[in-house]
Structures are given as C-alpha cells and as structure tokens.
Amino acid sequence: DKDEKYNWRKMYQIHLIVYGRPEVLNRIKSVTYNLNGYPPDRAKQEGGARKKNFELKELAWGQSYVRADVFIIDQPEVSEK
C-alpha cells in the first residue's frame, strides 16, 4: 500500500532467495545482498537462515539492482578491488 512514509509511491515487495539442490545449499556459509540505490543503512543486508534459503524480503518502489555475495564454507574470501 502507498503511504506517506514513501511519498505516496506505489511500493513492491521483493523476495530474494538462493535456489539450488540441498547438497549445494548446505555448502553456503552466508549470503549478503547489496541493494543498489537504497539508503546506506539498508544497502547491504544479510540473508536469512539456510533453512529459509537465505531469504531477504524488502520493499522497492522502482527498478532495483541486487548483487548477492555468496560465501562458501571452507573457501577463502576474495577481496574485491
């Protein structure tokens, strides 16, 4: 629903999950979603628990780009430059 908090814009709920075979999902340590165009305090969010497929539910009002950083158990992290 539109409300004053969002300047009466039409809002949409986005629902992000990691989809895959259970044996593959069990190798994931964590997922971080990077939401382009969101305020700094909400631009980087951790995905939920493994049993919920690392889900994230968020509101959006227009076109949004999302990058998911998937961290694998026992795999060294690569720093991005």
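Our subject is the structure listed above.
Residues numbered from 1 in each chain as written. Predicted model: local features only at pLDDT ≥ 70, side-chain atom pairs only at ≥ 80, totals over all residues. Heavy atoms only, no water.

## Some points on the nonpolar core
Part 1 of the argument: Counting residues in each nonpolar core, the largest one holds 12 residues, listed as Leu16, Val18, Leu25, Ile28, Val31, Tyr33, Leu35, Tyr38, Phe54, Leu56, Ala60 and Ile72.
Part 2 of the argument: Sorting the residues of this core by element identifies strand S2 (28–35) and strand S4 (56–60) as the ones contributing at least two each.
Part 3 of the argument: The dominant element in this core, judged by the number of residues it contributes, is S2, at 4 residues.
Part 4 of the argument: Setting aside residues up to four positions removed in sequence, Ile72 forms contacts with Arg27, Ile28 and Lys29. (Core = buried A, V, L, I, M, F, W, Y, C linked by side-chain atoms within 4.5 Å. Buried < 20%, exposed > 50% of the residue type's maximum accessible area, 1.4 Å probe, protein only. Helix = DSSP H or I, 4+ residues; strand = E, 2+ residues; numbered from the N terminus. Contact = heavy atoms within 4.5 Å.)

## Some thoughts on the sheet that holds S2
Part 1 of the argument: Within the open sheet, the 3 strands sit side by side as S3-S2-S5. Their pairing is antiparallel. The strands lining the two open edges of the sheet, one partner per strand, are strand S3 (44–46) and strand S5 (66–72). On average, adjacent strands in this sheet sit at an angle of 25° to one another, irrespective of strand direction.
Part 2 of the argument: Relative to S3, S2 runs antiparallel, the two sharing 3 bridges. Bridging from a neighbouring strand, Thr32 pairs with Glu46 of S3. (Pairing = 2+ DSSP bridges. Axes fitted to C-alpha atoms, helices over the stretch in contact; angles between N-to-C directions.)

Geometric values such as these leave the question of function open.
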